[in-house]
Amino acid sequence: MLRGTIFVFAALLVLATATEVNQCGEPGKKFEDVNQVKISGCNVPPCKLKRRTKASVEQKFVPDQDTDNIVNSVNAAVLGVPLPFVGVDGTSACESIFNVDGTPAGCSLKKGVEYLYKQQFPVLQIYPTISMVIHYALLQGNTTITCFEVPAKIVN
């Protein structure tokens, strides 16, 4: 009985840290693995991103091709217009990619191998307090390696 209670409690803790996000290009389609994406302080969208703080993102992903250079592509769609997240969009993602054992992976990734992307980004004071849809992708050139979208709101 106690073992069962501990298992249920542990499962709830794991589920509480995941964030419901959509796969890019497929509105309403969630990832099969509910723990694939985690955004700090957000289990259920819209995610509230507080200005003058840092938000963290973790995503498990498996590339479908070998890679050697990955760049962050992060923007917020406001009234249908994509606006880049200053300081994150267009920057190298190499230092933010890890093997599942926690060791740095860099950008030389192998097709079919699971990796973990971990990144913190500032929610700048200059960001307006509005609702948006965040488009968060890792790209190699024009090829998307992984991508998700999540409704969010910048708050004070």
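This text follows the structure it describes.
Residues numbered from 1 in each chain as written. Predicted model: local features only at pLDDT ≥ 70, side-chain atom pairs only at ≥ 80, totals over all residues. Heavy atoms only, no water.

Give me the lowdown on the state of the cysteines, citing residues and values where you can.
Two cysteines form a disulfide when their sulfur atoms are joined by a covalent bond. This model, assessed by the stated rule, comprises three disulfides. The disulfide bridge from Cys24 ends at Cys147, spanning 1.8 Å between sulfur atoms. Disulfide Cys24-Cys147: torsion about the S-S bond near -70°, hence left-handed. On the criterion of sequence distance, the pair formed by Cys24 in the loop between β1 (22-23) and β2 (37-39) and Cys147 in strand β10 (residues 143-155) is long-range, its members being 123 residues apart. Residue Cys24 is classed as partly exposed on the basis of its relative accessible area of 21%. One disulfide in the model links Cys94 with Cys107; its S-S distance is 1.8 Å. A torsion of -100° about the S-S bond marks the disulfide between Cys94 and Cys107 as left-handed. (Disulfide = S-S within 2.5 Å. Helix = DSSP H or I, 4+ residues; strand = E, 2+ residues; numbered from the N terminus. Buried < 20%, exposed > 50% of the residue type's maximum accessible area, 1.4 Å probe, protein only.)

Lay out the sheet that holds strand β7 (residues 97-99) with the relevant residues and their values.
The four strands lie next to each other as β2-β4-β8-β7, forming an open sheet whose pairing is antiparallel. Unpaired on one side and paired on the other, β2 and β7 mark the two borders of the sheet. Sheet twist, expressed as the mean angle between neighbouring strand axes with direction ignored, is 20°. Sheet analysis places β7 next to strand β8 (residues 115-123), joined by three bridges and oriented antiparallel. From the neighbouring strand, Asn99 faces β8, where its bridge partner is Tyr115. (Pairing = 2+ DSSP bridges. Axes fitted to C-alpha atoms, helices over the stretch in contact; angles between N-to-C directions.)

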